[in-house]
Amino acid sequence: MRRLAAETAVIGGGAAGTFAALELHRRGVKPLILCKGLVGKSGASIFAGNLVVPGRLLGNTAEQARDTAEFLIRMHNHFLIDQHYARAAGEWIEREYYPELERAGLYLRRDDRGEIVTNDGPVRCMAAHSQGESGVLFMDLRRKQVLKAGIPWLEETAATALLTDADGAIAGVMALDLARGEVVAIATRAVILATGYADRFYPRSTATREMSADGIAMAWRAGAELMNLEIQWWHTSDVRFPLCWQRTQIYPNPIIGSSHSARLYNSDGEVFFDQEADAPTAMGPYTLQLKRLAKQVLAGKARFDGGYYSSFTHIAPNTVSAYTDYAKAFTALGKSIATDTLETACSAHYRQGGIVVDPARMATRVPGLYVAGGVGGHSNGLIAPVTYDGMLAAETVAGDLPRLKPAALPEDKAAAEEARLQALRRSLPGNGVTPAHVKKALRALMSEKMGFFKNAAGMEEALAEVTRLRDELMPAMGLANVTPRLNYAWLDAIDVTNLLEVAALTIRAALNRTESRGPFYRTDFPETDNERWLVKNILTPTANGDPNFRTEPYELPFLKPDFPRRESLEVDW
Amino acid sequence: MAERPQVLAGARNLGRDDTGDSPAARLTRLKEGDTVTARIFCFDPASDAAPRFETHRVPYTKWMRVLEVLTYVSEELGGDLAHRWFCANRMCGTCAVRVNGREVLACWEPVEPEMTIEPLRNAPVVRDLVIDRTAYERRVVALTPWLVRQEPYPGFPEPLTHRAMAPTARALDCISCMCCFSACPVVGLGQETSFAGPAPLVQLARVALDPRDGIDRGRIALEHGAVFDCISCYKCEEVCPVSIPIVTGAIEPLKALAFKSVAGKSRHARVFLKIVQARGRIDPSALVLGVQRLAALRHPLRIFKLWRRGKIDPLKTMLGFRLPDIEQIRQIYQAVRGGPR
Ligand SMILES: Cc1cc2nc3c(=O)[nH]c(=O)nc-3n(C[C@H](O)[C@H](O)[C@H](O)COP(=O)(O)OP(=O)(O)OC[C@H]3O[C@@H](n4cnc5c(N)ncnc54)[C@H](O)[C@@H]3O)c2cc1C
Ligand code: SF4
Ligand code: SF4
């Protein structure tokens, strides 16, 4: 076991984690970044293709500023967001975020006259270099900023547990350094958890390879509360074939430099979603798109896993290729955006909920545990708000550190965690199964019973099945090769534990929310119920690991839904 | 409206239509029910004396990519193959491997019926197909490829046109996949040169060609990048999965900057220019002599080999061979800048 110490451990190398580390560094605190992937090359952040123009930035009118805030609260979060947080984040993004990025060198795409290119319409967005690629440029910049600042990191190192002391406060982090095959113990009194929110619970998912709900599982075991886990988003226009292009989106967002966007067609060739006409204020009209698809599925004219199509054929090809990389899938397949359509399918996108935090401070109820970005339950972030979280978490940690006890690694807990990890690295028993097999079984059952259309009976079956996987399959799990070095199967085995635990919690949360909202739909409770369920669906850990449920209403200071109850498929968000 | 260049253009796809190897043609070469045979490099330097190849047969699925073969092997066929990937969307740039000798992004490359899959070159293997990126990364960092402003930042949005950014725009597509780094024969020479390699130089070009950048990037290209060691063979461009014109769009502009800013040290370029001006075309032995001077004679065996292969012709060099239309070439020099200074 390798031993390290850090003033603050930042877990995650996406937009939230890297910015938290940079901000800590700026404030004179020495962070250590742990990243399961490569910093700036893993997680959802590289996918953030569109950058929303908030507030009065770039000549937004007062109306556009209002529409943008409304888009975030209504279309993007279905009112499940702290509106004070949304306002504070928006102000910071307008005042600090884009100037900081541009000062550091990010190139926001201009035209030849020097105007930043945006789409027309109520909610505008821009792009770094090229629409669709923004996140790559962004994260490349963050990676270099971290390198330049000399902030230490452990890459391809997965945090596996948060260690707490006798008072329940953070005292350390355990991790697996994948390349060396070494367990690492880090003594620290503050952790900023920034592990993102897209996890691979389904056969098709927008989450990158390594995402397996680790942050949620670790925080839960350390005593944090969770909320709104059940609100699972879906991407409705990701390429179906080749199968591995499940994260390659035929973007429904307006193309910058125009007011146009892709259209969706059912199996009869009829248009069933046209963002321009159907959702003019929706910069990312995913929920509406999804509901339209659900109706096609009901009509037998599409399936969630394919049989519908997306294209740009109604738009001049120059308009599409002027400022975007949206043609990339077509081009790589030798197809033309002028004439061809591509078959699309749903991929599970992010989980809206996550760890309960105080969104004014990014602190959890576990002393020393802070959260930034997608893994938090406070908002369904875009890349800009998750960066705000990173800033805020760092600010809070810098202020709290003098009050936190010096860290002493709880040796017994560290030894127990190392023993748990080593026990997972064992040879495949005679009738055993590989961790990849268990992951596959879980994904199959989630897509069958926890897809868009679901009900109590199916979810109860899903829960029983997850329990069976945990109790019967997991004990039979082993590895074809037990080398510690760069053993992805070992990492898979660690992932399985987290995935099964969080899957069970998610199903329970879904059973508890007896309504439908946004992308969350129950056939047995098909109405969006703003009277009873405009609330946080909170899970509190108990001694035996089972959740207790409670709800907490949202304050609605700026924006309220305009109906009490309505069939969810008829709601336009 | 400025149109972005078609991604397909570039050295990468030269001649592919003629050989039936275009992206469209590759969609129909295999069909569902077919089998893909993959010979995959396996090696654990900690325990294996030498690398070996394991052969796997994988069922073809529609428009299958190389990554799907690797995933199938590691997840369905027993589960021990180390290969790196994160996004499967041509964005993270971490899944590059060599397929039948050519660098590709596993997530973006269509499968071949028979494939030999190996790790990238010019980087140590950690295990199987996973290479250690640290040494490469160190070369990138040594070039300080982050913007250092000439003027204080004027506030958002700063005055800047796309026309001014156009020279750097293609380099901004780089996803640091290391394909070009693996393909470059000069990087392959190892310690014999201090050449930074194509990918690090693309990173440098991003800032060097950015009008907002204010430091002497030519000097960095030369002193930390040894940019003149590039032999303009275009191997790098041939494999770039995002079709960056690495030589014409990044390395040559860096050479030009180096030439301008470090007069005494860009010997290679200056000698090259002089020879062409004197003789009408390049003469390799005169070039080596001019650049390395007497040091060039230290390797008689190498000289002999080069001569045997017809790469150099010392006789012509000594006789001062020149093209008949030399005057026309000198006029070009005059027209451009009045000859080398
Ligand atoms: C397909 C897609 C398209 C999107 N489009 C847009 C868009 O157009 N505009 C926009 O603003 N936003 C967009 N988003 C959302 C945006 O990308 C996210 O809000 C944001 O990237 C989340 O950042 P994060 O830092 O919280 O998490 P992530 O970027 O997901 O980073 C998580 C990090 O944690 C690491 N990690 C995970 N587990 C562990 C562990 N156990 N130990 C150590 N490290 C760990 C991962 O390796 C990764 O580095 C999109 C997201 C997706 C998936
Ligand atoms: S052109 Fe230059 S950089 Fe590219 S492969 Fe050849 S020598 Fe290397
Ligand atoms: S220049 Fe091209 S091949 Fe080289 S690292 Fe960048 S994207 Fe990869």
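Procedures and definitions
Residues numbered from 1 in each chain as written. Chains lettered and ligands numbered in written order. Predicted model: local features only at pLDDT ≥ 70, side-chain atom pairs only at ≥ 80, totals over all residues. Heavy atoms only, no water. Helix = DSSP H or I, 4+ residues; strand = E, 2+ residues; numbered from the N terminus. Rg over C-alpha atoms; globule rule 2.2 N^0.38 Å. Buried < 20%, exposed > 50% of the residue type's maximum accessible area, 1.4 Å probe, protein only. Contact = heavy atoms within 4.5 Å. Areas by Shrake-Rupley, 256 points an atom, 1.4 Å probe, with all protein chains shown as cover. Lys, Arg positive; Asp, Glu negative; His and termini not counted. Charge placed at Lys NZ, Arg CZ, Asp CG, Glu CD. Phe/Tyr/Trp six-rings, centres within 6.5 Å; stacked < 30°, edge-to-face > 60°. Lys NZ or Arg CZ within 6 Å of the ring centre and 35° of its normal. Near = heavy atom within 4 Å. Nonpolar A, V, L, I, M, F, W, Y, C, P; charged D, E, K, R; others polar. Domains from an automatic or database assignment. Buried area = accessible area lost by both parts, 1.4 Å probe. Polar contact = N/O pair within 3.5 Å; in protein donor to acceptor, adjacent residues only side chain to side chain. Expected span 1.5 Å × (residues − 1). Core = buried A, V, L, I, M, F, W, Y, C linked by side-chain atoms within 4.5 Å. Salt bridge = Lys/Arg side-chain N within 4 Å of Asp/Glu carboxyl O.

Engineer: So what exactly am I meant to see when it comes to the overall build of chain A here?
Structural biologist: Check the secondary structure of chain A and you find 14 helices and 22 strands. Its C-alpha atoms give chain A a radius of gyration of 23 Å, within 12% of the compact-globule value 25 Å for 573 residues. Along the first, second and third principal axes, the C-alpha atoms of chain A reach 65 × 50 × 50 Å. Expressed as a percentage of its 573 residues, the buried residues of chain A come to 68%. Taking the intrachain contacts of chain A between residues at least 6 apart in sequence as the baseline, contacts between residues at least 24 apart amount to 73%. Summed over all atoms, the accessible surface of chain A reaches about 17,900 Å², with 50% contributed by carbon and sulfur. For chain A, the centre of its 64 positive side-chain charges and the centre of its 67 negative side-chain charges are spaced 3 Å apart.

Engineer: I would appreciate a short explanation of the packing of aromatic side chains in the present structure.
Structural biologist: Where two aromatic rings form a pair, the distance of their centres and the angle of their planes describe that pair. All told, the structure shown has 26 aromatic pairs over all chains when counted by the stated rule. Measuring from centroid to centroid gives 5.7 Å for W92 of chain A and Y388 of chain A, while their planes differ by 55°, and the two rings are tilted. In this pair, W92 of chain A is assigned in helix α3 (residues 83-103) and Y388 of chain A in helix α10 (residues 383-400), connecting sequence segments 296 residues apart. For the pair W92 of chain A and Y388 of chain A, a shared accessibility class is recorded, and that class is buried. Members of the aromatic cluster, each reached through a chain of ring pairs, are F19, Y85, W92, Y97, Y98, F138 and Y388 of chain A together with F156 of chain B. Over the ring of F563 of chain A we find R566 of chain A; its NZ or CZ atom is 4.2 Å from the centre of that ring.

Engineer: I'm lost on the site of ligand 3 in this one. Help?
Structural biologist: All names here are of chain B. The full set close to ligand 3 counts 14 residues, and C174, C177, M178, C180 and C240 are the nearest of them. Of all the secondary-structure elements, those providing two or more residues to the shell around ligand 3 are α5 (179-183) and α6 (198-208). Its residues placed into classes, the shell around ligand 3 shows 13 nonpolar, one polar and no charged.

Engineer: Could you clarify how one ought to interpret the site of ligand 1 in this entry?
Structural biologist: All names here are of chain A. Of all residues adjacent to ligand 1, which total 38 residues, the nearest are A44, S45, N50, Y197 and E210. Here ligand 1 loses 98% of its free accessible area of 1,000 Å² to cover by the protein chains. Contributions of two or more residues to the shell around ligand 1 are made by α1 (15-26), β7 (157-164), β16 (342-351) and α10. By residue class, the composition of the shell around ligand 1 is 17 nonpolar, 18 polar and three charged.

Engineer: I would appreciate a short explanation of the domain arrangement of chain A in the present structure.
Structural biologist: How big an interface is tends to be stated in terms of the accessible area lost upon association of its parts. Residues and elements named next belong to chain A. The assigned domain composition of chain A is domain 1 (235-349) and domain 2 (424-557). Residue-level contacts link seven residues of domain 1 with four residues of domain 2. Taking both partners together, domain 1 and domain 2 bury about 460 Å²; carbon and sulfur atoms supply 86% of that area. Counting the surface domain 1 buries against domain 2, the share from its top three residues, L290, K291 and F304, is 59%. Applying the counting criterion to the domain 1 and domain 2 interface returns zero residue pairs in polar contact (both at pLDDT 80 or more).

Engineer: Help me understand the environment of E465 of chain A, please; the structure alone is not making it clear to me.
Structural biologist: All names here are of chain A. Mapping E465 onto the fold places it in helix α13 (residues 456-473). E465 gets classed as partly exposed once you look at its relative accessible area, which sits at 28%. For the pair E465 and L442, spaced 23 residues apart in the sequence, the C-alpha separation amounts to 8.5 Å.

Engineer: Teacher, can you tell me more about helix α12 (residues 435-449) of chain A here?
Structural biologist: Think of an α-helix as 3.6 residues a turn; residues three or four steps apart then line up on the same face. Taking 1.5 Å per residue, 15 residues should reach 21 Å; α12 of chain A reaches 21 Å between its end C-alpha atoms and fits that length. Among the structural elements, α13 and α14 (488-512) of chain A together with α2 (66-75) of chain B are those in contact with the buried residues of α12 of chain A.

Engineer: For this particular structure, what's the right way to read the side chain of T164 of chain A?
Structural biologist: With respect to the secondary-structure elements, T164 of chain A resides in strand β7. For T164 of chain A, the contacting residues outside a window of four places in its chain are A169, I170, A171, A222, V366, P410 and K413 of chain A.

Engineer: Just checking my understanding: could you explain the domain arrangement of chain B for this structure?
Structural biologist: Residues and elements named next belong to chain B. If you check the domain split of chain B, you get domain 1 (5-131), domain 2 (134-263) and domain 3 (267-337). Between the C-alpha centres of domain 1 and domain 2 the distance comes to 27 Å. Contacts between the two partners involve 20 residues from domain 1 and, on the opposite side, 19 residues from domain 2. Remark: the boundary between domain 1 and domain 2 carries six residue pairs in polar contact (both at pLDDT 80 or more). Breaking the side of domain 1 that touches domain 2 down by element, the ones donating at least two residues are β3 (96-99) and β4 (102-105).

Engineer: Can you help me understand the nonpolar core in this one?
Structural biologist: Core analysis: the biggest nonpolar cluster contains 295 residues, and Y98, F312 and L442 of chain A together with I117 of chain B have the highest contact counts within it. Of the residues forming this core, the biggest block, 17 residues, is contributed by α14 of chain A. With near-sequence residues (within four places) excluded, L442 of chain A lies in contact with F201, V466, L469, L499, L500 and A503 of chain A. Core analysis: the second largest hydrophobic core is formed by seven residues, Y197, W233, Y286 and Y350 of chain A among them.

Engineer: Looking at this model, I keep getting lost on the interface of chain B and chain A. Mind explaining?
Structural biologist: With 67 residues of chain B in contact, the opposing surface of chain A contributes 75 residues. Our enumeration of links across chain B and chain A arrives at six salt bridges. The tally of links between chain B and chain A comes to 31 residue pairs in polar contact (both at pLDDT 80 or more). Secondary structure elements with two or more residues in the side of chain B that touches chain A: α1 (23-28), α2, β6 (125-127), α3 (134-142), α4 (162-169) and α6 of chain B. Ranked by residue count, the leading element in the side of chain B that touches chain A is α4 of chain B, at four residues. Residues that form the side of chain B that touches chain A fall into these classes: 34 nonpolar, 13 polar and 20 charged.

Engineer: How should I be thinking about the environment of A299 of chain A in this particular structure?
Structural biologist: Residues and elements named next belong to chain A. With respect to the helices and strands, the residue A299 is situated in the loop between α7 (286-298) and β15 (308-311). Residue A299 is classed as exposed on the basis of its relative accessible area, which comes to 52%. Sequence spacing of A299 and N548 is 249 residues, and the spatial spacing of their C-alpha atoms is 39 Å.

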